Each structure stands twice: as C-alpha cells, then as structure tokens.
Amino acid sequence: MTAVAPLPDPPPRRQIWSLGGGKGGIGKSLLTASLGWQLAKLGKRVVLVDADLGGANLHTCLGLPAPSLTMGDFIRRRVDTIEEVAQETGCPGLRLISGASDVLSAANIKHQQKVRVLNRIRGLDVDIVLIDLGAGTSFNILDFFLISDVGMLAVVPEPTSIENSYRFIKSALYRRLRELAQTQGVREIVDNALDQKNPWGIRTPLDLLAVVEREAPGQSDALREAIASFHPRFVVNQARGPVDIAIGHQLVTACTRHLGIRATYAGFIDYDDTVWQCVRQRRLFISAFPHCRAAEKVGKLARALLQNDGLTLPR
Amino acid sequence: MTLRTHYDVLGVEPAATPEQLDRAYRFCLELYGEGSLATYSLLEPDEIREARRRIEEAYGVLRDPGRRRVYDEEKGFQRAPQIPTTPVDPSSAVSAVLLTEPVTGAALRRFREQKGIGLREISLRSKVGVRYLEYIEQERHALLPPPVYLRGFLQEYASALGLEPRRTADAYLALLPRQA
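Residues numbered from 1 in each chain as written. Chains lettered and ligands numbered in written order. Predicted model: local features only at pLDDT ≥ 70, side-chain atom pairs only at ≥ 80, totals over all residues.

All names here are of chain B. Each domain of chain B was delimited in the assignment, giving domain 1 (6–75) and domain 2 (90–174). Opposite the 5 residues of domain 1 that make contact, domain 2 presents 4 residues. Here the side of domain 1 that touches domain 2 takes 4 residues from helix 2 (residues 18–31), the largest share from any one element. Among the residues making up the side of domain 1 that touches domain 2, the classes are represented as 2 nonpolar, no polar and 3 charged. (Domains from an automatic or database assignment. Contact = placed C-beta atoms within 7 Å. Helix = DSSP H or I, 4+ residues; strand = E, 2+ residues; numbered from the N terminus. Nonpolar A, V, L, I, M, F, W, Y, C, P; charged D, E, K, R; others polar.)

What follows concerns helix 7 (residues 184–193) of chain A. Residues and elements named next belong to chain A. For helix 7, the complete set of buried residues consists of Val186, Ile189, Val190 and Ala193. End-on view of helix 7: buried residues confined to an arc of 95 degrees, all on one side of the axis. On its buried side, helix 7 packs onto helix 6 (159–180) and helix 8 (205–215). (Buried ≥ 20, exposed ≤ 12 C-beta atoms within 10 Å, placed from the backbone. Arc of directions from axis to C-beta.)

Of the residues lining the interface, 19 residues belong to chain A; the matching set on chain B comes to 15 residues. For the side of chain A that touches chain B, the secondary-structure elements that each account for two or more residues are helix 6 and helix 10 (242–259) of chain A. Its residues assigned to classes, the side of chain A that touches chain B shows 11 nonpolar, 5 polar and 3 charged.

Residue and element names in this part refer to chain A. Judged by which residues are buried, strand 4 (residues 94–97) turns out to be covered on both faces: Leu94 and Leu96 on one side and Arg95 and Ile97 on the other are all buried. Looking at chain direction, strand 2 (residues 46–50) and strand 4 are connected through 4 bridges and run parallel. Each residue of the ladder has a partner; that of Leu48, found in strand 4, is Leu96. The pairing of strand 3 (residues 86–88) with strand 4 spans 3 bridges and is antiparallel. Note on strand 4: the bridge partner recorded for Ala86 is Ile97. (Pairing = 2+ DSSP bridges.)

A separate point is the sheet that holds strand 5 (residues 128–132) of chain A. Residue and element names in this part refer to chain A. Across the sheet, which stays open at both edges, the 8 strands sit in the order 3-4-2-5-1-6-7-8 with mixed pairing between neighbours. A single partner strand is all that each edge strand has here, and the edge strands are strand 3 and strand 8 (264–270). Put simply, the sheet's adjacent strands are angled 25 degrees from each other on average, direction ignored. Pairing of strand 6 (residues 150–155) with strand 7 (residues 233–239) involves 4 bridges; the strand directions are parallel. Within strand 7, the position partnered with Met152 by the bridge is Arg233. Contacts between helix 13 (residues 293–306) and the sheet are confined to strand 6, strand 7 and strand 8, with strand 8 contributing the most and set at about 165 degrees to the helix. (Axes fitted to C-alpha atoms, helices over the stretch in contact; angles between N-to-C directions.)

Below, the structure written as structure tokens:
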C-alpha cells in the first residue's frame, strides 16, 4: 500500500448552478438575476456570472451601470483574482461577475483560459455560483452547463424554444459522452449523433447507446452511467395558464420516454406585465415588486431548487 | 424506454384508481396530441400514431373493470379491492346519474341548463375548452377530435354535471355517425 497523506476535510461545497436554454430572448438573464436575488434573500451568499456571449447585460437586469471590471479583465490577467471582478449589487449577499462582451466566445477563449475560469469559479467563497449561459449551444456554454451541480433550461411555451431546448440537452449530453469515448470509433458515433442523417439512424441518446452497445460493447456501461447521471431541470417561463404550465410535465415525460434522460420540472414563472414594465425602468421586478405573481413563482422555484425538489404531476 | 405494461404506457402504478387512470389518460392525450409542443419535434408522425394507439389500448383495458381484472391476473399484478369511483366534485352529485333520454348534444345541453351550470364553469373545472364543450352540445362532429380523444372530453363534461362519466360518454359516442 502506498503511503498517501490523508486529505484534509474539504471545505463546504459551493454549488454551481447554471441557466441556459438554447434560445435567445426568453428571459434567461432576468430569470437568473431574480433567482440570484431570491437566493440571497433566503440567506445564501451568491455570485452571479454573466456568461452570455452575445450580449452580456446581467448588470442592466439588476439595475446597475456598466461595470468597470468584467470577466474579461480576469481572463486577460489585468487583475489577479476572480474576486476582484465580482462587484456588489446593492443586495446584501449578491454579487455579480459581469460578462465580457465577446471574450468568452469560442474564437477568443482558449481551452486553458476556460479551465482557469472554471476552476476559479469553483473556488469562489460563496454558497452558490449562478451562471447565466445566454443563448446557443457553443462548446463553452455546454461546458459551463456540464460542470454545474444544477443545470437549468429555461423554456417558453413556443415551438422554437422547445426545439432549441431539446437540441441543447442532446448537445450537452453528447459532449459529455464524447469525453468518455475511449476509441476513435465511438467518438465518431457520438460526433455524428446530432446529425439528422447520420449513418446509424441515431436520433436519441437511447439510439446512440444501442449503437455503442453493438459496435463497442465494452464502452457502453460508462456511457449509460453518464446518461443516468445527466439531470437537466426545466423552468417554464412566461406561462400564461394551465396549458403552458403543463408543458413542463410533458417535457419531463417526453425526456424520460423518448430520450432516456431523467429531467425535473423545477418550476414555472407566470407571464406578468410587471416584469417588462420594470425592465423598461431598468429595475429588477422581484426587488421592486416582491409580491407580484412572477416574483412569487421565483420564490417557489428557489426553494424547490434548494431542496432538490420539483413539480410533480398530481396522481 | 420500453413501456412494457399498460400501466407503463399510461405512466401509473398498478394500484391506480379509475380517477388516476382518467387523469393519466388525459395527460398522455395532450402529450401526444396534435401539435403537442413537447413531442412534435422529438417523434416521427408514425411514432406518435403508435404512441396514441398504445394509450388507447391501455386505457381501454384498464378502464374496464372486467378487462382490467383479466389483464392483472394474466400479468400477475395484485391490486387492492376496487375503490368505487367518486364523482369529481362531490358537491355537484351525491351519486352519479345517467340521462333518461338518448345522450345527444341537445339532451346534454338541456340537462346542463336545468342544473344552471355554465359552459365556462365546466371548462374551468374540466380544463376542456369552452369551444369544444359547445361543439359537443351542437354535435359539430367535424370540429371535434376523433372519438378516442373525444371520450375524455365527454367524461369531463359528464363529471362536471354529476353524470356518470363513462356510460354517458359511451352513449354519446354510440350515437355518432360512423366515420368512413
């Protein structure tokens, strides 16, 4: 037996939460900002991270001016620690690391830089790091999602949003599966799985698993485990009634039955005029009107997520 | 996921009550319904048709006490003694009743009006759109969903009025003109 010094007790684990969804303009940033605000009100120490590549504007959602220091300053090593770019938001317990317009885009961030960012984010002295992933399914976005303890997908009850969220789920899962592939053959299968016309006829992770089982049986267990531990959580935003609310349950069932993925319906937020009225005034609705319908649902969502809970169908 | 049993297909436990079966059935109809947001981009049309077929098959067996008993015995499911069906809203019906005349749209409407219940109220209670409730009463069959879906709507409508849901729905459907 090799002599290995026992590891010191790990510090209390910070959690990384992230919110994506593939589609732009569905309220991800507002949802992230209000969820962060709510978690801080519940006594958590929270840092919001704006990883929105297209348009970093989480600060505007929080009613803050453009920040003097952003994630870009950390990536370019203009500051020494990531703590220095985390600014106060005016809400006790809630800080913000602003996005750096385009510095996180695939062309501009190198792999090592990304690893450094991910490591430092993990090391932040907070309870919860909450990342706004922005739109799209670029590798950087997927990687932030995949390192998260709680990966959320915002959807609005519209076909495009739901199509994109399925695409996001598959892209993220396949990226994880690709890392696990041990041979070029399996990597190739995974790489092609998202292509509708792939030669194996793979359309879902279940199909993919069946093909790997056939072609490389030794590798299928690892992939099956990865699929089993992949656990996206849906948040239905801008729900206008029972039919919209029910969509979350349908998505969860569809994921289980047809993708073989365990998902949770974390909660829904009502469509609420208060929200956009506040946006126009550059105020965060949940802080300006903590009792409006949308704010109440953000409260429910935060509590459900903290308890690792979700909405279930009445039985 | 392989849905082996009728219970899996509807997503219920083998001990499910008739009300739970009805709820699960409606949920599945919505999940695989025309233009369902959750499934249209995930499944091919023939897969959706197959899913619907299995739901109808499962519901048809499980919702019929006799067929369900045979099925349970065959598959080795043990069930608690059958709990009698309770009306959806106990205040609206002491015991579920049947119409004494042929169950036509007009008859349903007369019954509803006698009870002084509005379509909007039924819609809120049953989650079936007012428009469909009107079509049921007007017997505008072309605008109504196929009988397999219509059955669920009819049962909701009947429950909301305190009518026995299953037999009322069956009676209404029996009077529908056969489709070519």
